[in-house]
Amino acid sequence: MLMKYKLQLFFTRKSKFIKKNLIFKGGYMEEGKRILDVCFGSGMFYYDKDREDMVTMDIRRVDERLCDNRRLVIDPDILGDFRNIPFPNNTFSMVVFDPPHLIQAGDNSWLAKKYGKLNAASWAQDISLGFEECMRVLKPSGTLIFKWNEQQVTLNELLRAIPYKPVLGNKNDRSKTFWLVFMK
Ligand SMILES: C[S@@+](CC[C@H](N)C(=O)[O-])C[C@H]1O[C@@H](n2cnc3c(N)ncnc32)[C@H](O)[C@@H]1O
């Protein structure tokens, strides 16, 4: 049983390693990639975060213990900035965009470490650029999944800052978390 588990772990790690090295070596994009997550973080909301048809991106790699002793691992396939996504136009069928939503948080706070932080002066422009880039790499009729928490910036403020209108999404939530769907 233990042997079987160790073998499984070995092959999962090996295929993850191969995937990482294939995806963007010299601009080569592995066939069959349909989904791009541009703010992957720890990939907490996925049912399977190692799925073969997904490319994961984040601006940082992290492996550290947070102040509550929980381990934070951010280990995307590629490092990149959502304001300048390193893929050609019309590449993916689905793009997932879950940017940081805080503009005020101590740099060393648990929240900033876990979710990142927006620049207080340029957040609207940065998120808007992110939307334009996500739309650019989406194929026509592709779907953009966007997540926002309105603890510090309301959803209405956010929607006023971007040049796109969602197709659908939840209209209220006690936890202030919103999931929106856009289409190219
Ligand atoms: C709200 S968290 C994402 C959480 C993630 N969905 C999860 O399930 O763990 C936002 C992530 O965006 C990343 N990030 C911040 N600025 C970025 C940028 N300009 N480009 C790409 N990723 C960025 C942060 O490092 C952070 O991991």
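Parameters at a glance
- Residues numbered from 1 in each chain as written.
- Predicted model: local features only at pLDDT ≥ 70, side-chain atom pairs only at ≥ 80, totals over all residues.
- Helix = DSSP H or I, 4+ residues; strand = E, 2+ residues; numbered from the N terminus.
- Buried ≥ 20, exposed ≤ 12 C-beta atoms within 10 Å, placed from the backbone.
- Contact = placed C-beta atoms within 7 Å.
- Near = placed C-beta within 6 Å.
- Nonpolar A, V, L, I, M, F, W, Y, C, P; charged D, E, K, R; others polar.
- Pairing = 2+ DSSP bridges.

When its secondary structure is counted, the protein chain shows 4 helices and 9 strands. Put simply, the protein chain runs from its N terminus to its C terminus through helices and strands in the order α-β-β-β-β-β-β-α-α-β-α-β-β. Put simply, the protein chain has 184 residues, and 23% of those count as buried. Taking as baseline every contact in the protein chain between residues at least 6 positions apart, the subset at least 24 positions apart corresponds to 56%.

This paragraph deals with the environment of Arg 61. Inspection of the secondary structure assignment puts Arg 61 in the loop between strand E2 (54-58) and strand E3 (62-65). Linking Arg 61 and Ile 74, residues 13 residues apart in sequence, is a C-alpha distance of 5.1 Å. The residues contacting Arg 61, other than those within four sequence positions of it, are Ile 74, Asp 75 and Leu 79.

Close contacts around the ligand come from 19 residues, with Cys 39, Gly 41, Met 44, Ile 59 and Gly 116 the closest. Class assignment for the residues of the shell around the ligand results in 10 nonpolar, 4 polar and 5 charged.

So, about the pairing of E2. Across the 5 residues that make up E2, a large majority, 5, are buried. Side chains of E2 alternate between two faces, with Met 54, Thr 56 and Asp 58 and Val 55 and Met 57 buried alike. Pairing analysis gives 3 bridges linking strand E1 (residues 35-37) to E2, with the strands arranged parallel. Within E2, the residue paired with Asp 37 across the bridge is Thr 56. Alignment of E2 against strand E5 (residues 78-79), held across 2 bridges, turns out to be parallel. Looking at the pairing, Met 57 lines up with Ile 78 of E5.

This paragraph deals with the sheet that holds E5. Pairing in this open sheet of 7 strands is mixed, and the strands run E5-E2-E1-E6-E7-E9-E8 from one edge to the other. Pairing within the sheet leaves two strands with one partner each, and these edge strands are E5 and strand E8 (168-169). Summarising the sheet, strand E7 (residues 138-149) and strand E9 (residues 177-183) pair through 7 bridges and their orientation is antiparallel. Paired with Lys 147 across the strands is Trp 179, a residue of E9.

None of this, on its own, says anything about what the molecule does.
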